[in-house]
Amino acid sequence: MSKMKSIFVKIGLLVLLILLVMESAVLVLNYKTLYDSNYADCEADIRNAAKMAVETCEAVNLYDPPEHADTDKVLSDICEMFNITYLFAVEPDIRTRSETYLAIGFGKDALQEAKANRHRGVRVEGMLNEQQIEAYNGNKEGIILHEVSTFDDTLVCYMPCTRYLDAANRKYITYEKPAVIGAEISLDSVNQTFVERFQKIALLTLSMTLLIAVAFALLLYFKISKPIRVISGRMSSFVSERENKKVEKLEIKGNDELALMARSFNTMTDEINRYIGDIDALTREKHTQEAELNIARRIQMGLLQPDRTEHEALGIRAYVRPAKDVGGDLYDYRILDDGRVFVAVADVSGKGISAALFMSRAVTLLHQLMLTQSSPREIMEMFNDTLCAKNPGGMFITAFIAVWEPETGKLTYTNAGHNLPYILSDILITLDQGHGVAAGLFEGERYENACATLREGDTLFLYTDGVNEAKNADGGFYSTKRLEDQLTACIGSDKAELPSVILSDLNRFTEGAEQNDDITMLSLHIKERGGEKTLRLLSELKQLEVIRDAIRQLPVSEDLKKTLFLAAEEIFVNICSYAYDEPGEVEIRLRAGDGVKLTFSDRGKPFDPTAEILDIDEYDHENAIGGLGRFLTFSIADRYRYEYRDGKNILYLYFSEVNQHDNHKEA
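The structure reproduced in this document is the subject of the present report. (Residues numbered from 1 in each chain as written. Predicted model: local features only at pLDDT ≥ 70, side-chain atom pairs only at ≥ 80, totals over all residues. Heavy atoms only, no water.)

A closer look at the overall build of the protein
Next, step 1: The helix and strand tally for the protein stands at 17 helices and 23 strands.
Next, step 2: A total of 667 residues make up the protein; the buried ones form 44% of that total.
Next, step 3: Within the protein, contacts between residues at least 6 apart in sequence are counted, and of these 68% link residues at least 24 apart.
Next, step 4: Accessible area of the protein: about 34,600 Å², with a carbon and sulfur share of 53%. (Helix = DSSP H or I, 4+ residues; strand = E, 2+ residues; numbered from the N terminus. Buried < 20%, exposed > 50% of the residue type's maximum accessible area, 1.4 Å probe, protein only. Contact = heavy atoms within 4.5 Å. Areas by Shrake-Rupley, 256 points an atom, 1.4 Å probe, with all protein chains shown as cover.)

Written as structure tokens, this is what we have:
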């Protein structure tokens, strides 16, 4: 008898295990349905909360300066009523895509940081999205979307508030500028609610399973028969039979408990086989998708230029690392046929497949435009209009485009909403001009060219916000300040490998944290060539000795040095005397090769020294004033050229070693 009891205890435990497996399978299959139901409930809550908030806000004039503490409290009460995180009213500014808080209520899950930074009068730049604009334009249905804000990952609903009650006249007055009501619920709260519900269902299911198992075990205890041993043996051999694909169903006779058990076992085998089959199919599909994503990544990276390029005058280094298998960042560069150098960095809104497709189109378009358009402004305007023409997803891209002229060192650039790049020279210089909106948003948008100087030894550094907005394991940002500190520290060292230096520091900062955005960097380093020197001096005669020292160091003959002394002194004295009312900056570049090229640049009064050069045969040595120094300089130079560009007087003088003695005699 005791042996028989032991057998049925084992049978009961086995049945319990089988039931638990079945219930687990059911829970897994119903997981998404339960989650979607919970998600739909949360959408209904924020939509109802938004409607109630609109009714509340219509009772007051939101734009009226007096206290709105009561409104904030009512909004907070509504938050508690519908268990949402934030409920607010904002004044939208469509032109600047910014918003100003008019009132706000907080739920129990609201972050302290949000409470400290979201209150009446706070203006948030650049955060106005298309859904808020749609609500502002009168969509009262309640626009629901998923947003990742500065403070939280939320589900938000937008509705317009178009009027307010004039208590004195007992009538509604329509706002000239409607407010937008927003109801937010933290996705952490949504998920927590779902987990709590799912745990209750799982616990209830487990309890029911245990009760059924106990009842079933008691019935088995009092019914000892051959069918039980058959069922027990079949259960024991189920796994091996399934592996051999020879699972036989139990024969069912009658309608008693044993027959029900047999039916349950047969149903269980069907469910498990179906469930395992589904898992196998999902696994195969996942492997296929991973293979396709790897191919897409290789194709996407193949659209980009090599990550390093060396040229006799410059070196380019680039780095890109998507946050997912594919990303939306891109960089591009090209040394054009006329010697100019084109560089660009851009960042598509969003991440993943959609951003990668948009990025592929963008980089291909840049390749074409750099060869057909002459300036960054023209490239950006054509780039923007082409992207806007076919953009069904409403995506946009921030971009920085620049062209460098090696002959003059001039860097012309334009910026479409992108992070501000830097030039590492004697100091860290921020390129903060030439701003425009992101490309792909508004067709016909106009952009402007801005200019800077990129001279020998300088480095241009471009990057995307995946650098300065990278997070560490504690959620802290790498920050623009830390980036600038690292760049400043590189000024006194080798600036040619900037992306590698910044990446090393970035990896140390983010160690242990998941990458949250694509990371891209590009540097253009202008090499210092031998026999060339650049002087930046004040227009003061005492600086002549600095110029003489620089000429003495040139690898040319003594006769040519004397010629250079004479010409440089005449031109510099002329600038000191006439260019500025107060001492100003003068840039002098000396480049030695087969001969010497001497370049003077100043931002003084426009003056062409090559115009109206005196005729020495008609010169009155006793009574004439001025002009002789210029005549002397241009007589001993092999050739010369003047231009007035970008607010600068620029004079080019060329000297060779040939006939230096004759030049001195003639002069």
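Thoughts on the packing of helix H9 (residues 352-372) against helix H10 (residues 376-389)
Each pair of packed helices gets described by two things: the angle between the helix axes and the distance between those axes.
Next, step 1: Running from N to C, H9 and H10 point in directions that differ by 140°, and their axes come no closer than 10 Å. Taken together, H9 and H10 sit at an angle that is classed as oblique. Seen along the crossing, H9 lies across H10 with a hand that is right-handed. Contact residues: H9 offers Phe-358, Arg-361, Ala-362, Leu-365, Leu-366, Leu-369 and Met-370, while H10 offers Ile-379, Met-382, Phe-383, Thr-386 and Leu-387.
Next, step 2: Looking at the contact of H9 with H10, its residues break down into 10 nonpolar, 1 polar and 1 charged. (Axes fitted to C-alpha atoms, helices over the stretch in contact; angles between N-to-C directions. Parallel < 35°, antiparallel > 145°, perpendicular 65-115°, else oblique. Left-handed = near helix turned anticlockwise from the far one by under 90°. Nonpolar A, V, L, I, M, F, W, Y, C, P; charged D, E, K, R; others polar.)

Here we look at the sheet that holds strand E18 (residues 519-526)
Next, step 1: Spatially, E7-E8-E18-E17-E13-E14 is the arrangement adopted by the 6 strands of the open sheet, whose pairing is antiparallel. Of all strands in the sheet, those bounded by a partner on one side alone are strand E7 (308-310) and strand E14 (428-430). Direction aside, the axes of adjacent strands within the sheet are offset by 15° on average.
Next, step 2: In this structure, E7 lies alongside strand E8 (residues 314-321), joined through 3 bridges in antiparallel fashion. Its bridge partner being in E8, Arg-308 is matched across the sheet by Arg-317.
Next, step 3: Helix H12 (residues 480-490) rests against strand E13 (422-424), E14 and strand E17 (459-463) of the sheet, and its axis sits at about 25° to E13.
Next, step 4: Along the sheet face, helix H13 (residues 498-510) touches E8, E13, E17 and E18 and points at about 145° away from the line of E18. (Pairing = 2+ DSSP bridges.)

Quick word on the environment of Asp-549
Next, step 1: Position of Asp-549 among the secondary structure elements: in helix H14 (residues 544-552).
Next, step 2: Classification of Asp-549 by relative accessible area gives partly exposed; the value is 35%.
Next, step 3: Between the C-alpha atom of Asp-549 and that of Phe-565, which follows or precedes it by 16 residues, the distance is 9.8 Å.

Regarding unusual backbone geometry
Next, step 1: Backbone geometry places Asn-83, a non-glycine residue, at a positive phi of 60°.
Next, step 2: Mapped onto the elements, Asn-83 comes out in the loop between helix H2 (69-82) and strand E1 (86-93).
Next, step 3: The exposure class of Asn-83 is partly exposed, given its relative accessible area of 31%.

Quick notes on the nonpolar core
Next, step 1: The biggest cluster of nonpolar side chains holds 51 residues, and the ones touching the most others in it are Phe-383, Ile-397 and Leu-524.
Next, step 2: It is H9 that contributes the most residues to this core, 9 residues altogether.
Next, step 3: Residue contacts for Ile-397: discarding those within four places in its chain leaves Leu-330, Ala-346, Asp-347, Val-348, Phe-358, Ala-362, Phe-383, Leu-387, Ala-416, Ala-438 and Ala-439.
Next, step 4: The next biggest cluster of nonpolar side chains, apart from the first, holds 32 residues, and it includes Leu-535, Leu-544, Ile-547 and Val-596. (Core = buried A, V, L, I, M, F, W, Y, C linked by side-chain atoms within 4.5 Å.)

Some details on the pattern of salt bridges
Next, step 1: Applying the stated criterion to the full structure yields 34 salt bridges.
Next, step 2: The partner of Arg-118 in a salt bridge is Glu-184, and the shortest N-O contact between them spans 3.1 Å. Taken together, the residues Arg-118 in the loop between helix H3 (112-117) and strand E3 (123-124) and Glu-184 in strand E6 (residues 171-186) connect sequence positions 66 residues apart.
Next, step 3: By relative accessible area, which is 3% here, Glu-184 ends up buried.
Next, step 4: The salt bridge involving Glu-407 is made with Lys-597; its shortest N-O contact spans 2.6 Å. With Glu-407 in the loop between strand E11 (397-405) and strand E12 (410-416) and Lys-597 in strand E21 (residues 595-602), this pair connects stretches of sequence that are 190 residues apart.
Next, step 5: On the basis of relative accessibility, which here comes to 44%, the residue Glu-407 falls in the partly exposed class.
Next, step 6: The network of salt bridges with shared partners includes Arg-308, Glu-310, Arg-317, Glu-497 and Lys-527. (Salt bridge = Lys/Arg side-chain N within 4 Å of Asp/Glu carboxyl O.)

Looking at the packing of aromatic side chains
Next, step 1: Under the defined criterion, the tally for this structure stands at 11 aromatic pairs.
Next, step 2: Geometrically, the ring pair formed by Phe-88 and Tyr-101 is edge-to-face, given 5.7 Å between the ring centres and 70° between the ring planes. One end of the pair, Phe-88, is in strand E1; the other, Tyr-101, is in strand E2 (residues 98-106), and 13 residues separate them in sequence. Just as Phe-88 is buried, Tyr-101 falls in that class too.
Next, step 3: The interplanar angle of 80° and the centroid separation of 5.5 Å between the aromatic rings of Tyr-478 and Phe-509 together place this pair among those described as edge-to-face. With Tyr-478 in the loop between helix H11 (465-468) and H12 and Phe-509 in helix H13, the pair connects residues that are 31 residues apart, well separated along the chain. Like Tyr-478, the residue Phe-509 is buried in the burial classification. (Phe/Tyr/Trp six-rings, centres within 6.5 Å; stacked < 30°, edge-to-face > 60°.)

Side note on the packing of H12 against H13
Next, step 1: Packing of H12 against H13 brings their axes to within 11 Å, and their N-to-C directions diverge by 135°. In this view, H12 runs oblique relative to H13, as classed from their interaxial angle. Where H12 crosses over H13, the two elements pack in a sense that is right-handed. Residues Arg-482, Leu-483, Gln-486, Leu-487 and Cys-490 of H12 form the contact with H13, whose participating residues are Leu-498, Val-501, Ile-502, Asp-505 and Phe-509.
Next, step 2: Along the lines of polarity and charge, the residues of the contact of H12 with H13 split into 7 nonpolar, 1 polar and 2 charged.

Quick word on the pairing of strand E20 (residues 585-592)
Next, step 1: The element E20 is largely enclosed, with a buried count of 6 among its 8 residues.
Next, step 2: With 7 bridges joining them, E20 and E21 adopt antiparallel strand pairing. Opposite Ala-592, over in E21, you have Val-596 as the bridge partner.
Next, step 3: Between E20 and E21, which pair antiparallel one after the other, the connecting turn spans 2 residues.

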